[in-house]
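Descriptive structure summary
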Amino acid sequence: MRRRAVLTGAFFLLAGCATGPSLENRGSVTAPPGDSRHLVVGSAGFTESDLLAQMYALLLKQAGYQTSTITVANRELYEPALESGQIDVVPEYAATFADWLNAKTHGADARPVGSPDLGTTMTALRALATPRGLTVLDPGRAVDQNAFAVSAAYAREHHLKTLGDLGRSGLKVRLAAGDECVQRPYCEPGLKTTYGIDVVAVDPKGVGTTQAKRAVQSGRDQMVLTTTTDATLDEFGLVLLDDDKHLQNADYIVPVVNRSRAGGEGVIKALGKLNDVLTTADLASLNRQVDSWRRLPEDVARTYLRDKGLLT
């Protein structure tokens, strides 16, 4: 029977101390991939991560594994637990995780290795993960990356479908986002240099918050920074503009596993089935069912997998 738990203080202590393979041995992780029959699937504690963890657990269970799910909201804790084998599988985001591992390996000031190119990002991510005893499975079609939305009425009025369209329009734009947007290369600087968008002000209302969306809905601001799997855009009459020049990093969803416990073909095959069906739009819809309709992530995950023919 599959169990769900929240990490205890004792687990936190163990996870914080565990580092996986020793520094001396991280360059040569040569043991054959493991195939433990009981696997712990980790979630980072937000809706999307919960949904992915539940889908992973259900697919693994159908493949003959005993599974349990566990929640820990802090990557600084769950990543060492993944290295040590206290957690066996987690859903991650390719570019974000690559940059996180890079900073952990080379220091906080290390140049980012995540990029808009998925192949380049995956190569960098696997090079960083493998010495730590981790295997990064293939990404699917779903991506959760930063995105920009405008009101549907504004898009119709100015014939906007892409960020490139907005740049060519010459319109002055107040952007609702986090206050860090003025410095982040994917935000105000990137919008200006990559797209030529005339960002006249950043309204510090947060990333994808209700307050930020209402500011765009009301016309106070013209655009909001959110994500590609935002489930509530329709409720505010907002639409995403396509990132046609690929400003944002390739944050495709990837399963990351502890190689010595869950690196075998059984796990790879079971989780790989999700790659063929799960899209960004699907993930946004699943998020909506949990966040707006108040359904349980496990129920939403099970229904989706059954509807796609992946679960009997």
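Rules of the game
Starting afresh in each chain, residues are numbered from 1 along the sequence in its written order. Only residues with pLDDT of at least 70 are given local features in this predicted model, and only at 80 or more are side-chain atom pairs given and counted; all residues enter the totals for whole chains, interfaces and linings. As a convention, hydrogens and water are excluded, and side-chain values are obtained from all of the structure's heavy atoms. Under the DSSP-based scheme used, a helix requires at least four consecutive residues in state H or I and a strand at least two consecutive residues in state E, with every element numbered from the N terminus. Throughout, a contact is declared for two residues whenever any of their heavy atoms are within 4.5 Å. DSSP-based pairing: two strands are paired if at least 2 bridges between them are found. Fitted lines through C-alpha atoms serve as axes, helices being fitted only where they are in contact, and the angles separating the N-to-C directions of these axes extend from 0 to 180 degrees. Here a polar contact means two N or O atoms within 3.5 Å. Within protein one must be a hydrogen donor candidate and the other an acceptor candidate, and residues neighboring in sequence count only if both atoms are side-chain atoms. Note on exposure labels: buried denotes an accessible area under 20% of the residue type's maximum, exposed denotes more than 50%, and partly exposed covers the range between, all computed with a 1.4 Å probe on protein chains only. The predictor's confidence in any single residue is recorded as pLDDT, a number from 0 to 100. Centres within 6.5 Å are what make two rings of Phe, Tyr or Trp a pair, Trp counting through its six-membered ring; a difference in plane orientation under 30 degrees is then read as stacked, over 60 as edge-to-face, and the rest as tilted. The nonpolar core is taken to be a set of buried Ala, Val, Leu, Ile, Met, Phe, Trp, Tyr and Cys residues, with the residues joined through side-chain atoms within 4.5 Å. In this scheme, roughly parallel covers angles under 35 degrees and roughly antiparallel covers those over 145, while 65 to 115 is roughly perpendicular and the rest are oblique. Crossings are classed by handedness, with left-handed meaning an anticlockwise turn of the near helix from the far one by less than a right angle and right-handed meaning a clockwise turn. Helix span, expected: 1.5 Å multiplied by one less than the number of residues in the helix.

Details of the environment of D165
Topologically, D165 is positioned in helix α7 (residues 163-169). When the C-alpha atoms of D165 and D244 are compared, they prove to be 9.3 Å apart, with 79 residues separating the residues in sequence. Sequence-distant contacts of D165, defined by excluding residues within four places in its chain, comprise H159 and L160.

Let's talk about the sheet that holds strand β7 (residues 172-177)
An order of β8-β7-β9-β6-β10 is seen for the five strands of this open sheet, with the pairing classed as mixed. Of all the strands in the sheet, the pair left with one neighbour each is β8 (198-204) and β10 (238-241). Pairwise comparison of adjacent strand axes, ignoring direction, gives a mean angle of 40° for this sheet. In terms of strand pairing, β7 meets β8 through six bridges, oriented parallel. The residue bridging A176 from the neighbouring strand is D203, located in β8. Packing of helix α8 (residues 188-195) onto the sheet brings it into contact with β6 (146-151), β7, β8 and β9 (223-227), and relative to β8 it is tilted by some 165°.

Focus: the side chain of T162
Checked against the element boundaries, T162 lands in the loop between α6 (152-158) and α7. From its side chain, T162 meets the backbone nitrogen of G164 in a polar contact 3.3 Å long. One polar contact links the side chain of T162 to the main-chain amide nitrogen of D165, over a distance of 2.9 Å. Those residues in contact with T162, other than ones at most four positions away along the chain, are R168, L241, D242 and D244.

Some thoughts on the side chain of R132
If you trace the backbone, R132 turns up in the loop between α5 (118-129) and β5 (134-136). With relative accessibility at 6%, the residue R132 sits in the buried group. Within the structure, the side chain of R132 is placed 3.1 Å from the side chain of E83, a separation counted as a polar contact. Side chain to side chain, R132 and T105 meet in a polar contact 3.2 Å long.

A few points about the confidence of the model for the protein chain
On average, residues of the protein chain carry a pLDDT of 91, and 90% of them reach 70 or more. Low pLDDT (under 50) marks residues 1-6, which in the prediction has 22 contacts with non-local residues, meaning those over four places away or in another chain. Segment residues 8-28: pLDDT under 50, and 29 contacts once partners within four positions in sequence are set aside and those in other chains are kept.

Section: the packing of aromatic side chains
Applying the stated criterion across every chain yields a total of two aromatic pairs. Here F97 and W100 contribute two aromatic rings whose centre-to-centre distance is 6.4 Å and whose plane-to-plane angle is 10°, an arrangement assigned as stacked. Here W100 and F97 lie together in helix α4 (residues 94-106), a separation of three residues that amounts to about one turn. The class of W100 is buried, set by a relative accessible area of 18%.

Some points on the nonpolar core
Soluble globular proteins tend to pack their nonpolar side chains together in the buried interior. Counting 34 residues, the largest nonpolar core has M55, L60, L274 and L305 as the members making the most contacts within it. Those elements giving two or more residues to this core turn out to be β2 (38-43), α2 (47-62), β4 (89-93), β11 (253-258), α11 (265-272), α12 (280-291) and α13 (297-307). Among the elements that line this core, the one with the most residues is α2, at nine residues. By size, the runner-up hydrophobic cluster in this structure holds 23 residues, among which are L163, V173, A177 and C187.

Let's talk about the packing of α2 against α11
With their axes 9 Å apart at the nearest point, α2 and α11 run at an angle of 125° to one another. As far as their axial angle goes, α11 and α2 are oblique. α2 and α11 meet at a crossing whose hand is right-handed. Residue-level contacts link Y56, L59 and L60 of α2 to V267, A270 and L271 of α11.

A closer look at α12
In this model, α12 (12 residues) spans 16 Å end to end at C-alpha, consistent with the 16 Å of a helix rising 1.5 Å per residue. Of the positions making up α12, those classed as buried are T280, D282, L283, A284, L286, N287, Q289 and V290. Buried positions along α12 lie against α2, β11 and α13.

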